[in-house]
Amino acid sequence: MLIAFYIASAIAVLATIIAITRRHAVHALLYLIVSLLGVAIDFFVIGAPFLAALELIIYAGAIMVLFLFVVMMLNIGEHATEVETASLKPGVWGWPSALGVVLIAELIYVAAHASAPPGPMHVVSAKEIGISLFGPYAIGVELASLLLTSGLVGAYHLGRRTSREEERNDAGTVGTRIGSSGDLVRSGSGRTSYTA
Amino acid sequence: MILFAVGLVGLLTRRNLIFTLMSIEVMLNASGLAFVAGSYKWGRVDGQIMFLFILAMAAAEVSVGLALFLQFHRTQPTLDSDAASEMRG
C-alpha cells in the first residue's frame with residue numbers, strides 16, 4: 001500500500017513537471033490530467049475513496065475541460081491544422097498513456113488487495129463526510145456555495161461581450177463580419193488580424 | 001508529502017497565463033493532498049472536508065480566471081503575462 005502511494009506520488013510529480021515544461025497548452029493539460037489521476041490514486045490509497053472520486057469528477061472532469069475549452073477558444077485559427085496533425089503523432093500521447101497505464105496497474109493492484117485487512121487505516125466513507133459536512137461544517141458549506149455563486153456571476157460579468165466592444169472588435173478584423181457563427185471563429189480571425 | 005507541495009510550488013515560474021493558472025491548480029492540489037494526508041494520519045474527517053472546500057474554491061477561481069483571460073485576450077493578441085504590464089482603463 002505504501003509502495004503504491006509513493007509510486008502514484010512519483011507519477012504525479014513527474015507528470016506535473018513535464019506538464020509545466022511543455023510548450024503546447026493541450027499537451028500540458030494531458031500531463032496535468034495524469035497528475036490529477038495520480039493524486040486521486042493517492043487519495044484512494046490513503047483511505048479517502050470519496051475524495052478520489054470527487055477529484056476525478058471535478059478536477060479532471062470539469063476544471064480540465066474548462067481549461068481545454070478556453071485553450072481551444074484562444075488558439076483556434078491558422079495553426080489549427082498543424083496542431084491537429086501534430087497531436088496525432090504517437091510521441092504526443094504516448095507518454096501520458098504510459099503513465100496512465102502504470103496508474104491503472106496500480107489501481108488494479110490496490111483493488112485486488114483491498115480485501116486484505118486494512119490494518120490501522122481508517123477509511124472515511126461518503127456518509128461520514130456528509131455527516132460531518134452538514135454537522136459542524138454547515139457554515140462552511142454555505143460559504144462555499146456563496147463563493148461558487150459569486151464566482152459564477154463574476155465569470156459571467158467578465159466573459160460577457162458588451163456591444164461597444166463588439167463593434168470595436170469587428171472593426172478590427174480584416175475580414176467581413178462573421179455573423180452569428182460564434183466566438184471561436186471570431187477570436188481566431190481577430191488573432192490573424194493582429195499578427196498580420 | 002510536504003516535499004510534494006514544496007516541489008510543486010517551485011513550478012510557478014512560467015510566462016504564459018494559462019500555465020500560471022495551471023500552476024495555481026497544482027499548488028491547490030498539493031495543499032489538498034497535504035490536508036488529506038493529515039486527515040489520514042490522525043484518523044479524522046476534517047482534512048477531507050477542507051479538501052472539499054479547496055475544491056470548491058479552485059473551481060470558482062478557475063472560472064473567474066479563465067473569464068479574465070478571455071477578456072484579456074480581446075485587448076491583447078497574446079497571453080504573455082508581461083504584456084499586462086500596462087494597465088489602462
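Just so it is clear, the model here is predicted, and its values are computed rather than measured. (Residues numbered from 1 in each chain as written. Chains lettered and ligands numbered in written order. Predicted model: local features only at pLDDT ≥ 70, side-chain atom pairs only at ≥ 80, totals over all residues. Heavy atoms only, no water.)

A closer look at the overall build of chain A
Consideration 1: Helix and strand content of chain A: nine helices and zero strands.
Consideration 2: N-terminal to C-terminal, the α/β element order of chain A is α-α-α-α-α-α-α-α-α.
Consideration 3: With 196 residues in all, chain A has 35% of them scored as buried.
Consideration 4: The long-range fraction of contacts in chain A, counting pairs at least 24 apart against all pairs at least 6 apart in sequence, stands at 65%.
Consideration 5: Here chain A has roughly 11,100 Å² of accessible surface; of this, 73% comes from carbon and sulfur atoms. (Helix = DSSP H or I, 4+ residues; strand = E, 2+ residues; numbered from the N terminus. Buried < 20%, exposed > 50% of the residue type's maximum accessible area, 1.4 Å probe, protein only. Contact = heavy atoms within 4.5 Å. Areas by Shrake-Rupley, 256 points an atom, 1.4 Å probe, with all protein chains shown as cover.)

Some remarks on the overall build of chain B
Consideration 1: Of regular secondary structure, chain B possesses three helices and zero strands.
Consideration 2: When the helices and strands of chain B are read in sequence order from the N terminus, they spell out α-α-α.
Consideration 3: Counting over 89 residues, chain B shows a buried share of 51%.
Consideration 4: When contacts within chain B are restricted to residue pairs at least 6 apart in sequence, long-range pairs at least 24 apart make up 49% of them.
Consideration 5: Accessible surface for chain B amounts to roughly 4,300 Å². Of this, 66% is attributable to carbon and sulfur atoms.

Some thoughts on the interface of chain B and chain A
Consideration 1: Each partner contributes residues to the interface: chain B has 48 residues there, and chain A has 59 residues.
Consideration 2: Across the chain B to chain A interface the summed buried area is about 4,800 Å²; carbon plus sulfur atoms make up 77%.
Consideration 3: The tally of links between chain B and chain A comes to zero salt bridges.
Consideration 4: Counting across the chain B and chain A interface gives two residue pairs in polar contact (both at pLDDT 80 or more).
Consideration 5: Of all the elements in the fold, those that place two or more residues in the side of chain B that touches chain A are α1 (2-9), α2 (17-42) and α3 (46-75) of chain B.
Consideration 6: Tallying contributions element by element places α3 of chain B first for the side of chain B that touches chain A, with 24 residues.
Consideration 7: Here the side of chain B that touches chain A is built from residues that sort into 34 nonpolar, nine polar and five charged. (Buried area = accessible area lost by both parts, 1.4 Å probe. Salt bridge = Lys/Arg side-chain N within 4 Å of Asp/Glu carboxyl O. Polar contact = N/O pair within 3.5 Å; in protein donor to acceptor, adjacent residues only side chain to side chain. Nonpolar A, V, L, I, M, F, W, Y, C, P; charged D, E, K, R; others polar.)

Some details on the side chain of Asn 29 of chain B
Consideration 1: In this structure, Asn 29 of chain B sits in helix α2.
Consideration 2: Owing to a relative accessible area of 4%, Asn 29 of chain B belongs among the buried residues under this scheme.
Consideration 3: Looking at Asn 29 of chain B, its side chain comes within polar contact range of the side chain of Glu 55 of chain A, at 3.2 Å.
Consideration 4: Excluding residues within four positions of it along the chain, Asn 29 of chain B makes contact with Leu 36, Val 39, Glu 55 and Tyr 59 of chain A together with Phe 51 of chain B.

Considering the nonpolar core
Consideration 1: Phe 43, Leu 51 and Phe 67 of chain A are the most contacted members of the largest nonpolar core, which has 61 residues in total.
Consideration 2: Of all elements in the fold, only α1 (2-21), α2 (25-45), α3 (49-75), α5 (90-112), α6 (126-134) and α7 (138-159) of chain A together with α2 and α3 of chain B reach the threshold of two or more residues within this core.
Consideration 3: Ignoring anything within four residues of it in the chain, the contact list for Phe 43 of chain A reads Ala 48, Pro 49, Leu 51, Ala 52 and Glu 55 of chain A together with Gly 32, Leu 33, Val 36 and Phe 51 of chain B. (Core = buried A, V, L, I, M, F, W, Y, C linked by side-chain atoms within 4.5 Å.)

Some thoughts on the confidence of the model for chain A
Residue and element names in this part refer to chain A.
Consideration 1: Of all residues in chain A, 64% have pLDDT values of 70 or greater, and the mean over the chain is 70.
Consideration 2: When mean pLDDT is compared element by element in chain A, α7 scores highest at 85, while helix α9 (residues 183-195) scores lowest at 40.
Consideration 3: Scored below 50 in pLDDT, residues 172-196 shows 31 contacts in the model against residues more than four places distant or in partner chains. (pLDDT = per-residue confidence, 0-100.)

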